[in-house]
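# Per-entry structural report
Spelled out, the chains give:
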Amino acid sequence: MQEKMFIVKRSGKKEQFNPIKIKNAVKAAFKSYEETVRNAIMLRGDADTQAAIAGSIAAAYWGVPQDIHDECLERLPDDMFDILERFSEMYDLEL
């Protein structure tokens, strides 16, 4: 019998960990960052979690395309952008 694993969220809510999300995210990895994220979304199930995991893997492997990077920064509300900017300055990272 497999032991159940749980994740405790910031809210304190306990949620059962589902390894299928990880398996599906890895299965979505293809030829590019964008294709990986699109495929993860189309796998059904918990699409946002799967796309976030697959996107992180793809970003580490291929990098995030500049046009997607720029669009994401433009869509951030000012207060969130300020936090990101301070974080990147603190750790000497490029935005």
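First, a word on what this report is: a plain description of the structure on this page. All values derive from a computational prediction rather than experimental measurement. (Residues numbered from 1 in each chain as written. Predicted model: local features only at pLDDT ≥ 70, side-chain atom pairs only at ≥ 80, totals over all residues. Heavy atoms only, no water.)

Moving on, we get to the overall build of the protein. Within the protein, the secondary structure is distributed over 5 helices and 2 strands. Listing the helices and strands of the protein from first to last along the sequence gives β-β-α-α-α-α-α. A separation of at least 24 residues holds for 35% of the contacts in the protein among residues at least 6 apart in sequence. Of the roughly 7900 Å² of accessible surface on the protein, a fraction of 55% belongs to carbon and sulfur atoms. (Helix = DSSP H or I, 4+ residues; strand = E, 2+ residues; numbered from the N terminus. Contact = heavy atoms within 4.5 Å. Areas by Shrake-Rupley, 256 points an atom, 1.4 Å probe, with all protein chains shown as cover.)

The subject of this paragraph is unusual backbone geometry. Of note, the phi angle at Asp92 is positive, near 55°, even though the residue is not glycine. We classify Asp92 as exposed; its relative accessible area is 71%. (Buried < 20%, exposed > 50% of the residue type's maximum accessible area, 1.4 Å probe, protein only.)

So, on to a nonpolar patch on the surface. On the surface, Phe87, Met90, Tyr91 and Leu93 cluster together into a nonpolar patch covering about 470 Å² of accessible area. Position of Phe87 relative to the elements: it lies in helix 5 (residues 78–90). (Patch = residues over 30% accessible without salt bridge, like charges linked within 9 Å, V, L, I, M, F, W, Y side chains within 5 Å. Salt bridge = Lys/Arg side-chain N within 4 Å of Asp/Glu carboxyl O.)

Moving on to the packing of helix 2 (residues 33–41) against helix 3 (residues 47–62). Between helix 2 and helix 3, the least distance of the axes is 8 Å, while the angle of their chain directions is 160°. As the angle between them shows, helix 2 and helix 3 are arranged roughly antiparallel. The interaxial crossing formed by helix 2 with helix 3 has right-handed handedness. The segment helix 2 lies against helix 3, with Tyr33, Thr36, Val37, Ala40 and Ile41 engaging Ala47, Gln50, Ala51, Ala54, Gly55, Ala58, Ala59 and Trp62. Among the residues forming the contact of helix 2 with helix 3, the class breakdown is 10 nonpolar, 3 polar and no charged. (Axes fitted to C-alpha atoms, helices over the stretch in contact; angles between N-to-C directions. Parallel < 35°, antiparallel > 145°, perpendicular 65-115°, else oblique. Left-handed = near helix turned anticlockwise from the far one by under 90°. Nonpolar A, V, L, I, M, F, W, Y, C, P; charged D, E, K, R; others polar.)

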